[in-house]
Amino acid sequence: MTLILCADDRNGLLFHNRRLSRDSILCDQILQLCGSKNLWMNSYSASIFPRNTPNIRVSENFLEEAGKGEFCFVENTDISEVFSQVKTVVLYRWNRCYPSDEKLPEELLSGRHLVSTFDFAGNSHPCITQEVYEL
């Protein structure tokens, strides 16, 4: 399984159960990354992606339903139970600091190596950085 998350410069994920930011070009980048493979998420996250995208799978139990080699976009879901199943983490950094009360779990990246970075201009952010971590 590949986890896809978005974080600010202080590893913030959420503030009062709301996403810190969103960007339509980032959503396009994520869909391009997944290609024809399934991209799993919950209904909260599905609201920022284009409707009727064929490979998006929406379920409130998406982490349990995702198959080997599939992608999971995570915003407001506890991921601690799936750490052992995660092969790759794709982290998109907003390159800003926002108020946050939910942080990226430190143990998620523990033992993983940064294998690539890629900067691109978003719709609402002049620079978004994609970081890919693998075991």
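Just so it is clear, the model here is predicted, and its values are computed rather than measured. (Residues numbered from 1 in each chain as written. Predicted model: local features only at pLDDT ≥ 70, side-chain atom pairs only at ≥ 80, totals over all residues. Heavy atoms only, no water.)

### Some thoughts on the state of the cysteines
Part 1 of the argument: Enumeration according to the criterion identifies zero disulfides in this entry.
Part 2 of the argument: C27 carries a free sulfur, and the closest cysteine sulfur to it, the one in C6, is 7.8 Å from it.
Part 3 of the argument: Distance from the sulfur of C97, which forms no disulfide, to the nearest cysteine sulfur (C127) is 14 Å. (Disulfide = S-S within 2.5 Å.)

### Observations concerning the sheet that holds strand β8 (residues 102-103)
Part 1 of the argument: Pairing within the open sheet is antiparallel, and its three strands lie in the order β3-β2-β8. Lying at the two open borders of the sheet, with one neighbouring strand each, are β3 (18-19) and β8.
Part 2 of the argument: Relative to β3, strand β2 (residues 12-15) is paired through two bridges, and the arrangement is antiparallel. Residue pairing across strands places L14 opposite R19, the latter belonging to β3. (Pairing = 2+ DSSP bridges. Helix = DSSP H or I, 4+ residues; strand = E, 2+ residues; numbered from the N terminus.)

### Some words on the sheet that holds strand β9 (residues 113-120)
Part 1 of the argument: Sheet architecture is open: seven strands sit in the order β5-β4-β6-β1-β7-β10-β9, paired in mixed fashion. The open sheet terminates on both sides in strands that have one partner only, identified here as β5 (56-58) and β9. Averaged over all pairs of adjacent strands, the angle between strand axes in this sheet comes to 25°, irrespective of strand direction.
Part 2 of the argument: Strand direction decides the pairing type here: strand β1 (residues 2-7) and strand β6 (residues 71-73), joined by three bridges, are parallel. Bridge assignment links T2 to a residue of β6, and that residue is F71.
Part 3 of the argument: Packing against the sheet, helix α1 (residues 24-34) makes contact with β1, β4 (39-41), β5, β6, β7 (88-93), β9 and β10 (128-134), and its axis sits at approximately 160° to β7. (Axes fitted to C-alpha atoms, helices over the stretch in contact; angles between N-to-C directions. Contact = heavy atoms within 4.5 Å.)

### Let's talk about the pairing of β1
Part 1 of the argument: Of all six residues in β1, six are buried; the element is thus mostly enclosed.
Part 2 of the argument: Burial of β1 is two-sided: the residues T2, I4 and C6 facing one way and the residues L3, L5 and A7 facing the other way are all buried. (Buried < 20%, exposed > 50% of the residue type's maximum accessible area, 1.4 Å probe, protein only.)

### Details of the packing of aromatic side chains
Part 1 of the argument: A full pass over the atoms with the stated rule returns three aromatic pairs.
Part 2 of the argument: For the pair F49 and F73, a centre-to-centre distance of 5.4 Å together with 80° between the ring planes defines the contact as edge-to-face. A residue pair is termed long-range when its members are at least 10 positions apart, and F49 in the loop between α2 (43-46) and β5 and F73 in strand β6 qualify at 24 residues.
Part 3 of the argument: When its relative accessible area of 6% is taken as the criterion, F49 is described as buried.
Part 4 of the argument: On the accessibility criterion, F73 (2% relative accessible area) is buried.
Part 5 of the argument: An angle of 25° between the planes, with centres 5.7 Å apart, marks the rings of F118 and F120 as stacked.
Part 6 of the argument: Looking at F118, the relative accessible area reads 38%, which means it is partly exposed.
Part 7 of the argument: Using a relative accessible area of 8% as the deciding quantity, one classes F120 as buried. (Phe/Tyr/Trp six-rings, centres within 6.5 Å; stacked < 30°, edge-to-face > 60°.)

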